[in-house]
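Reading the structure
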Amino acid sequence: MRKKTYPELGRLTPEEFEKSEKMSVSVVLDGIRSLNNVGSFFRTADAFAVERILLCGITATPPDKEIHKTALGAETTVAWEYSEKCIDAIARLREEGYRIVAIEQVEGAMMLQMFEPVPEEKYALVFGNEVEGVSQEVIDMCDDALEIPQAGTKHSLNVAVSGGVVLWHFFRAFQP
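Heads up: these notes are all about the structure in this document.

What counts and how
Residues numbered from 1 in each chain as written. Predicted model: local features only at pLDDT ≥ 70, side-chain atom pairs only at ≥ 80, totals over all residues. Heavy atoms only, no water. Helix = DSSP H or I, 4+ residues; strand = E, 2+ residues; numbered from the N terminus. Core = buried A, V, L, I, M, F, W, Y, C linked by side-chain atoms within 4.5 Å. Buried < 20%, exposed > 50% of the residue type's maximum accessible area, 1.4 Å probe, protein only. Contact = heavy atoms within 4.5 Å. Pairing = 2+ DSSP bridges. Axes fitted to C-alpha atoms, helices over the stretch in contact; angles between N-to-C directions. Expected span 1.5 Å × (residues − 1). Polar contact = N/O pair within 3.5 Å; in protein donor to acceptor, adjacent residues only side chain to side chain.

This part takes up unusual backbone geometry. The residue after P62, namely P63, is reached through a cis peptide bond having omega -5°. Take P63: it is sitting in the loop between β2 (50-56) and α4 (65-71). Although it is not a glycine, A49 sits at a positive phi angle of roughly 55°. Here the phi dihedral of L72 falls at roughly 50°; this positive angle occurs in a residue that is not glycine. By the secondary structure assignment, L72 is in the loop between α4 and β3 (80-83).

This is the structure:
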């Protein structure tokens, strides 16, 4: 076994990525305070061909050297928008036909492994602040909530790690 060289990975150029087919998934970041977490979301969104990221409230926007540190350039390849109020972004996504899904521990949440994404549907996945989670005001606007099952003593995962887990679940379902 040997590590593959970069050319062997067959990655798209930024221009090819821009024109490539994306999952019908948008990521909404509701008040993410860590620029490293924001950068991680960009990198994960690039890896799994997410159509865009909506940065809301206190969530920082590119260009920023701290975002770049973890995004490694993905902040230039993944489409993004900023909205001062997350509820405005959610309302717009709903008008665009998205199913709004909070990634949060709430009453009635479905465990992630029980949820089967439908590739013909459009999803907006809402991830919340590192301390407070998705705001109740935003949860009230969501169609569904998904919870990542856990077996340890802590009650949550890092938000960027949660993003990786959930986006991988969707990516798998969207593969032919």
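Our next topic: the nonpolar core. Side chains that are nonpolar tend, in soluble globular proteins, to be buried together. Core analysis: the largest hydrophobic core is formed by 36 residues, its most contacted members being M23, F42, I53, L125, F127 and F170. Those elements giving two or more residues to this core turn out to be β1 (23-30), α3 (35-47), β2, α4, β4 (99-103), β6 (123-128) and α7 (159-174). The element that contributes the greatest number of residues to this core is α7, accounting for seven residues. Discounting chain neighbours no more than four positions away, the residues touching F127 are V27, V28, L29, D30, I32, F41, I103, V134, V159, S162, G163 and V166.

As summarised here, the arrangement of the seven strands in space is β3-β2-β1-β6-β4-β7-β5, forming an open sheet in which the pairing is parallel. Two strands lie at the open edges of the sheet, namely β3 and β5 (110-111), each paired on one side alone. Here six bridges tie β1 to β2, and the two strands are oriented parallel to one another. Within β2, the position partnered with L29 by the bridge is L55. Of the strands in this sheet, β1, β2, β3, β4 and β6 are in contact with helix α5 (residues 86-95), which crosses β2 at around 150°.

Our focus in this paragraph is α3. Compared with an ideal rise of 1.5 Å per residue, which puts 13 residues at 18 Å, α3 spans 19 Å between its outermost C-alpha atoms and is within 8% of the ideal. Among the residues making up α3, those that are buried are N37, V38, G39, F41, F42, T44 and A45. Residues of α3 that are buried make contact with β1, β2, α4, β3, β6 and α7. In this structure S34 caps α3, since a side-chain oxygen of it lies 3.2 Å from the backbone nitrogen of N36. Immediately beyond the C-terminal end of α3, within one or two residues, lies A49, with a positive phi of roughly 55°.

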